[in-house]
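Overview (structure and organization)
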Amino acid sequence: MSDIQVAVDEVQAGQLVSDAQALLGTQSRSGSGSLGPFTASWSASAGFSGGSVDLRAPDIVRISNMNMNFTVGIGLSIDLNDFLPRLCIPRICIPIPFLPDICTPRICLPPWPTIPVGPVNHSGTVNFTTDFRLLASQSGSNWNVAIQIVNIPSLSLDAISALIVTGLIGAVSLALLAVPFIGPLLALAVATIGAVIGVAAVTGLLGPILGLFLNGLSFDVYQQPQVQQVLPNMGPNDPAVSIRISALSAQVLVSDEDELVLDADIVPA
Amino acid sequence: MYTLDSRSMGPLDCFVQKVTEPGDLVFEIRKSAAGFFPMEKDVAMRVKVKANKASRAQQRTSGKQHSVPVTYSDGEFQAKSLPRDLVQGDAILFHQADTKAPGFAVVGQMGKTEFSSTELRDQVVFTHPFGLPGRYQWVDANGSGVGGVIVVENEPATGKDGAKRAIERMSEGVVVHIVGNKVKPKELRIATGQTVFFAVEGTDGITITDVTLLAKDKKAN
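Residues numbered from 1 in each chain as written. Chains lettered and ligands numbered in written order. Predicted model: local features only at pLDDT ≥ 70, side-chain atom pairs only at ≥ 80, totals over all residues.

What follows deals with the domain arrangement of chain B. Residue and element names in this part refer to chain B. Examined at the domain level, chain B breaks down into domain 1 (11–117) and domain 2 (119–221). Centre-to-centre separation of domain 1 and domain 2, based on C-alpha positions: 22 Å. Across the boundary between the two partners, domain 1 contributes 11 residues, which contact 9 residues of domain 2. When residues of the side of domain 1 that touches domain 2 are traced back to their parent elements, those giving at least two are strand 1 (14–18) and strand 9 (113–116). In terms of residue count, strand 1 provides more of the side of domain 1 that touches domain 2 than any other element does, 5 residues in total. For the side of domain 1 that touches domain 2, the class distribution of residues is 5 nonpolar, 4 polar and 2 charged. (Domains from an automatic or database assignment. Contact = placed C-beta atoms within 7 Å. Helix = DSSP H or I, 4+ residues; strand = E, 2+ residues; numbered from the N terminus. Nonpolar A, V, L, I, M, F, W, Y, C, P; charged D, E, K, R; others polar.)

Next comes the structure, spelled out in structure tokens:
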């Protein structure tokens, strides 16, 4: 039997999670990854909100319909020589008023440039349901109770990826417009490059990016100092009284309603 | 490389001079910044031009083209090979293909007549392909008032064989004929990648220069 027991129901546990989400705030990451045949550089930030809590014995907090609100910027470089043939202006012969015929030589253009595309920024929300496990631990002079993600959920990203694909292809088209002599090959270039920046390619990049924010995700739902004063100093012969939480455990107990229960043992400090 | 300026020719441009005088044709190929320097005849390249008994009018509508490929190495431009059997009434085309070379200019003299790519005077052609869509206003940087407009548009190249059709269009040249201070046509509409042949006659020495470059020149000064 523990010295102190604290219990909250699912509604109150939901409030603890909501506060913990706000406390965690927005996280930022950046890196690079494969976008089809390209290497894309990216930066992303994400925060969490919402969700309904379902407490499951013995130590699981299931959060349904939690929102991951994210912003991602994706930029890439495209070496056009990987897609387009070397272009040469053919020999042109034409009569001039003072020459019966004049012919320019075949003039080959320099290799195509490598064009920067983006970054294309997209903000969105992805909704998921997953289980978190209760963990009680000492951290410095505090006791912490956190919930830590058990499995990274599968995210449904295709609709978001489709929007990003549209943005990327728009950015590719814009970048191509500035390339000299691409005019005759513009439609071909957009179509060819667009074909390899598909939804699957973007999902293949976006999934691991968002996964980084979910991997090891934990929310601190409860934090207390190990040593706490319970009675103040009342006089020269009546000093302050403090206790130390010597042990703390967290679990889900199922009775007539599901509860998140903290059991604490205390000793005089 | 892609700018329109006959004063500084790039690997996409060509310069053609009709050889109107017999005797020695002397020329130098230089970095464009030195285009206005006097010619050093003792180090210039020299070609013999045979006299043509045909009348000037006949010579105007006849003549063969000779090409002078230009190379760039050790900071100097050189003619790779000089034309032989040059006859009065023929034309010489200069082109250098090195995309890493700086802009170049051709200056020369045939008989007493001087010619230069930096000052297009008589029976001379400057060619330039346009690589980007837009409205290009060209002027004579020497201030004669001669000028015109080239409107370049991306041709729709979609559908079956669209790119092929658009590339074939690149082989169709268009002539702008400048006689004195008259330009015909004053405004021209072409597809991206097409080459314009500026054929110049009877001027005091003009340039074909994108007007936006002159604005930059003024700012630089």
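All right, on to the sheet that holds strand 12 (residues 147–153) of chain B then. All names here are of chain B. Pairing is mixed in the open sheet, where 4 strands are placed in the order 15-12-11-17. Every interior strand has two partners, whereas the edge strands, strand 15 (187–191) and strand 17 (209–210), have only one. Where strand 11 (residues 134–139) meets strand 17, 2 bridges bridge the pair, whose relative direction is antiparallel. Counterpart to V139 in the pairing with strand 17 is T209. (Pairing = 2+ DSSP bridges.)

Residue and element names in this part refer to chain B. Position of Q137 among the secondary structure elements: in strand 11. Put simply, Q137 and V151 are 14 residues apart on the chain and 8.5 Å apart in space, counted from C-alpha to C-alpha. Those residues in contact with Q137 that lie beyond four places of it in its chain are G147, V149 and V211.

Contacts between chain A and chain B engage 23 residues on the former and 41 residues on the latter. Looking at which element gives the most residues to the side of chain A that touches chain B, the answer is strand 8 (residues 99–103) of chain A, with 4 residues.

A few words now on the packing of helix 2 (residues 158–177) of chain A against helix 4 (residues 199–214) of chain A. All names here are of chain A. Between helix 2 and helix 4, the shortest axis-to-axis distance is 8 Å and the interhelical angle comes to 110 degrees. Accordingly, the angle class assigned to the pair helix 2 and helix 4 is roughly perpendicular. Between helix 2 and helix 4 lies a crossing of right-handed hand. Across the interface between the two elements, D158, I160, S161, A162, I164 and V165 from helix 2 touch V199, V202, T203 and L206 from helix 4. In terms of residue class, the contact of helix 2 with helix 4 is built from 7 nonpolar, 2 polar and 1 charged. (Axes fitted to C-alpha atoms, helices over the stretch in contact; angles between N-to-C directions. Parallel < 35°, antiparallel > 145°, perpendicular 65-115°, else oblique. Left-handed = near helix turned anticlockwise from the far one by under 90°.)

In this section: the nonpolar core. L168 and L206 of chain A together with V16, F94, V125 and F198 of chain B are the most contacted members of the largest nonpolar core, which has 120 residues in total. When residues in this core are grouped by element, the largest group, 9 residues, is from strand 5 (residues 60–79) of chain A. Lining this core are residues from two domains, each supplying at least three of them: domain 1 (11–117) and domain 2 (119–221) of chain B. Those residues in contact with V125 of chain B that lie beyond four places of it in its chain are I96 and I102 of chain A together with V16, F197, F198 and A199 of chain B. (Core = buried A, V, L, I, M, F, W, Y, C linked by C-beta atoms within 7 Å. Buried ≥ 20, exposed ≤ 12 C-beta atoms within 10 Å, placed from the backbone.)

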